[in-house]
Amino acid sequence: MRRSPSPLCWLPVKEETLPLTQTDTLLPSPSLVERMGIPRSLLWGFIGLLLFMVGDGVEAGYLAPYLENHGVTSRDVAFLFTVYGVAVSISSWLSGPLSDLWGPKRVMWIGLAIWAAFEVVFLMAGIMTGNYTVMLAAYTLRGLGYPLFAYGFLVWIAAATPPRQLGSAAGWFWFAFSGGLPTLGSLFASVTIPLVGEITTFWLSLVLVVAGGCVALLMTREPRGASRLAPANVSVGGIFFGSISILWREPRTFMALIVRTINTSSEYAFLVIMPAFFTKVVGFSLSQWLVLLSIVFMSNILFNLMSGMLADRLGHRTVVSVAGCLGAAVSVPAFYYVPLAFHGNFLIAALVGIFYGATIAAFVPLSGLVPQICPKEKAAALSALGLGAGASTWVGPAIVTWFQGWHGIEGIIWIFSGLYVFAGLLTLSLSIPDHARAYMRQARARGEDLSAGVAAFH
């Protein structure tokens, strides 16, 4: 029996892709959208996702300094982000099994409703009254929202896109996702805060999220996303258990999870500690910091594509271990010490930020490596990367919470640098086992489509 879709998006591994079958043939005269790699039936979904993630990313660069400027301690801010990240991690994993059970479109509606409802509570009963307890509860529950919406759409892409288009469709998903959170979101905030203030900017983020959600869900009429994806005879327990048990049945997937968690954990820690560092120590304005943050993540978006192409030439593990792990071990302290040495120099800070964003992007080839480790269970194996991606959202802030009192920001910087070295050592063990190579050879000989069901969660 063929596996049902997983929590994640399916990306063909280049070397395993087979020719199109008759049922996969695209329209005789593909539109410009299709030639760009976007499934025409899901176009409005991509547009809506971008708007949704712009709204979600508006607060990314200024929520921490706003709270600290209004009486919340830096430790409490870090704890808020940590608990929020735990909710994101749980929801990231749940999005796939729930989409299998209920259909991606319903899961997206639930995610949109959760985000909107608890954002209103967060702003009205938390931010505007200064009640930290309400802030903590509402922000944590809101964290369940965006993964259900975004990763529910990821599953929809997997269900509705022909295998030959899956790689490019996955790339466009990550372009929309990362382009909004926090790249364009931070740019939006840098423009609106001087014009209408911080509180109104929070409310504008809600408007963007609701608008994006409605565009995606009301204007996308592709039928497969509206119904259960898992076969009728697959039990609820089987759907949920399969994506977890792989961690101990193939230990390499667990090591990949750890590497993926370390990958972006520094990003989420930096959203807590770096706004104050750049505005109070380096001497940037809040708007300059938001622009710098956008530059960092724009670099990340562009190098996502480049690292994948480089991996095809040099090997997935080589790019991840050298450019990713060792590169980040250097770029993290550089992002702290270089702006400190060139006080107030925005160009120098931007250049080192580009370097940092590029090294974080060099972990993307994990998405091509992990399915080759477990070719029989590609979707389940790659769900480990999804779990790691979610875990990074709370691990980074948790490190800030636990260790900021040790040696301040400088100590945290070196903790992350050491973690990237550790990730590099783990990556060396992510070799493709002989039984996996034998299975792929046999599958090709049988004419099986090895591209189906491969996720791209990076």
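Residues numbered from 1 in each chain as written. Predicted model: local features only at pLDDT ≥ 70, side-chain atom pairs only at ≥ 80, totals over all residues. Heavy atoms only, no water.

For the protein chain, the name recorded in an unreviewed UniProt entry is MFS transporter, with Gluconacetobacter dulcium as its organism.

A. Layout of the overall build of the protein chain. Broken down by element type, the protein chain carries 17 helices and zero strands. Buried residues in the protein chain amount to 58% of all 458 residues. Pairs at least 24 residues apart make up 85% of the contacts formed inside the protein chain by residues separated by at least 6 positions. Carbon together with sulfur atoms contributes 69% to the accessible area of the protein chain, which is approximately 17700 Å² in total. (Helix = DSSP H or I, 4+ residues; strand = E, 2+ residues; numbered from the N terminus. Buried < 20%, exposed > 50% of the residue type's maximum accessible area, 1.4 Å probe, protein only. Contact = heavy atoms within 4.5 Å. Areas by Shrake-Rupley, 256 points an atom, 1.4 Å probe, with all protein chains shown as cover.)

B. Local environment of the pattern of salt bridges. In total, this model carries five salt bridges according to the counting rule given. Across the salt bridge formed by Asp-56 and Arg-142, the nearest N and O atoms sit 3.7 Å from each other. Taken as a pair, Asp-56 in helix α2 (residues 43-57) and Arg-142 in helix α6 (residues 132-142) lie far apart in primary sequence, 86 residues in all. Ionic pairing is found between Glu-250 and Arg-252, a salt bridge with its closest N-O pair at 3.5 Å. (Salt bridge = Lys/Arg side-chain N within 4 Å of Asp/Glu carboxyl O.)

C. Quick peek at a nonpolar patch on the surface. Side chains of Trp-44, Ile-47, Leu-51, Trp-109, Leu-218 and Met-219 sit close together on the surface and give an oily, nonpolar patch of about 520 Å² of accessible area. At three residues, the largest contribution of residues to the nonpolar patch is made by α2. As for its position among the elements, Trp-109 is in helix α5 (residues 104-127). Classification of Trp-109 by relative accessible area gives partly exposed; the value is 34%. (Patch = residues over 30% accessible without salt bridge, like charges linked within 9 Å, V, L, I, M, F, W, Y side chains within 5 Å.)

D. Quick peek at the nonpolar core. In terms of nonpolar packing, the biggest core is built from 112 residues, with Phe-173, Met-274 and Phe-278 touching the most fellow members. Three or more residues apiece are contributed to this core by two domains, here domain 1 (38-234) and domain 2 (241-448). By size, the runner-up hydrophobic cluster in this structure holds nine residues, among which are Trp-93, Ala-230, Ile-239 and Phe-240. (Core = buried A, V, L, I, M, F, W, Y, C linked by side-chain atoms within 4.5 Å. Domains from an automatic or database assignment.)

E. Region of the structure containing empty space enclosed by the protein. Counting across every chain of the model gives three cavities of 30 Å³ or more. If you add up the space inside the largest cavity, you get close to 550 Å³. If you trace the largest cavity, you find 36 residues lining it, with Phe-177, Leu-181, Glu-267, Tyr-268 and Phe-297 closest to the centre. Of all the secondary structure elements, the ones that give two or more residues to the lining of the largest cavity are α4 (74-102), α6, α7 (145-160), α8 (166-196), α11 (251-282), α12 (286-314), α14 (346-361) and α16 (378-427). Here the lining of the largest cavity takes six residues from α11, the largest share from any one element. (1 Å grid on protein atoms, 1.4 Å probe; cavity = no way out; pocket = protein on both sides within 12 Å on 5 of 7 lines; lining within 4 Å. Points joined across faces, edges and corners; volume = space filled by probe spheres on them.)

F. Quick look at the packing of α4 against α5. It is at 7 Å that the axes of α4 and α5 come closest, and there the two elements cross at 125 degrees. Taken together, α4 and α5 sit at an angle that is classed as oblique. Residues Ser-95, Leu-98, Ser-99 and Trp-102 of α4 form the contact with α5, whose participating residues are Pro-104, Arg-106, Val-107 and Ile-110. When grouped by side-chain class, the residues that make up the contact of α4 with α5 number five nonpolar, two polar and one charged. (Axes fitted to C-alpha atoms, helices over the stretch in contact; angles between N-to-C directions. Parallel < 35°, antiparallel > 145°, perpendicular 65-115°, else oblique. Nonpolar A, V, L, I, M, F, W, Y, C, P; charged D, E, K, R; others polar.)

G. Quick look at the packing of aromatic side chains. A complete count under the given rule lists 27 aromatic pairs for this structure. Taking 5.2 Å as the distance between ring centres and 80 degrees as the angle between the ring planes, the aromatic pair formed by Phe-46 and Phe-153 counts as edge-to-face. One end of the pair, Phe-46, is in helix α2; the other, Phe-153, is in helix α7, with 107 residues separating them in the sequence. A relative accessible area of 5% means that Phe-46 is categorised as buried. By relative accessible area, which is 1% here, Phe-153 ends up buried. Ring pairing ties together the aromatic residues Phe-270, Phe-277, Phe-278, Phe-284, Trp-289, Phe-335, Tyr-336, Tyr-337, Phe-346, Tyr-356 and Trp-414, which thus form one cluster. (Phe/Tyr/Trp six-rings, centres within 6.5 Å; stacked < 30°, edge-to-face > 60°.)

H. Summary view of the environment of Arg-317. Within the secondary structure layout, Arg-317 lies in helix α13 (residues 316-341). Here Arg-317 falls in the partly exposed class, since its relative accessible area comes to 32%. With residues up to four places along the chain from it excluded, the contact list for Arg-317 reads Leu-369, Thr-427, Leu-428, Leu-430 and Ser-431. Separated by 2.7 Å, the side chain of Arg-317 and the backbone oxygen of Leu-428 make a polar contact. (Polar contact = N/O pair within 3.5 Å; in protein donor to acceptor, adjacent residues only side chain to side chain.)

I. Broad picture of α11. End to end, α11 covers 43 Å across 32 residues, agreeing with the expected 46 Å (1.5 Å per residue, within 8%). Taken as a whole, α11 carries its principal kink of about 50 degrees at Ile-273; the proline Pro-275 stands between one and four residues after it. Phi turns positive, to about 100 degrees, at Gly-283, one or two residues after α11. (Expected span 1.5 Å × (residues − 1). Bend = angle between axes of the 7 residues up to and from the residue.)

J. How the structure looks around the confidence of the model for the protein chain. Residues with a pLDDT of 70 or more make up 86% of the protein chain, whose mean pLDDT is 84. This stretch, residues 1-27, has a pLDDT under 50; its non-local contacts, to residues over four places away or in other chains, come to 88 contacts. Segment residues 449-458: pLDDT under 50, and 54 contacts once partners within four positions in sequence are set aside and those in other chains are kept. (pLDDT = per-residue confidence, 0-100.)

K. Expanded view of the side chain of Ser-186. Mapped onto the elements, Ser-186 comes out in helix α8. For Ser-186, a relative accessible area of 0% puts it in the buried group. Sequence-distant contacts of Ser-186, defined by excluding residues within four places in its chain, comprise Gly-57, Gly-61, Leu-290, Leu-293 and Ser-294.

L. Structural view of the environment of Leu-184. Mapping Leu-184 onto the fold places it in helix α8. The exposure class assigned to Leu-184 is partly exposed, which follows from its relative accessible area of 36%. Beyond its immediate chain neighbours, meaning those up to four positions away, Leu-184 contacts Leu-50, Val-54 and Gly-179.

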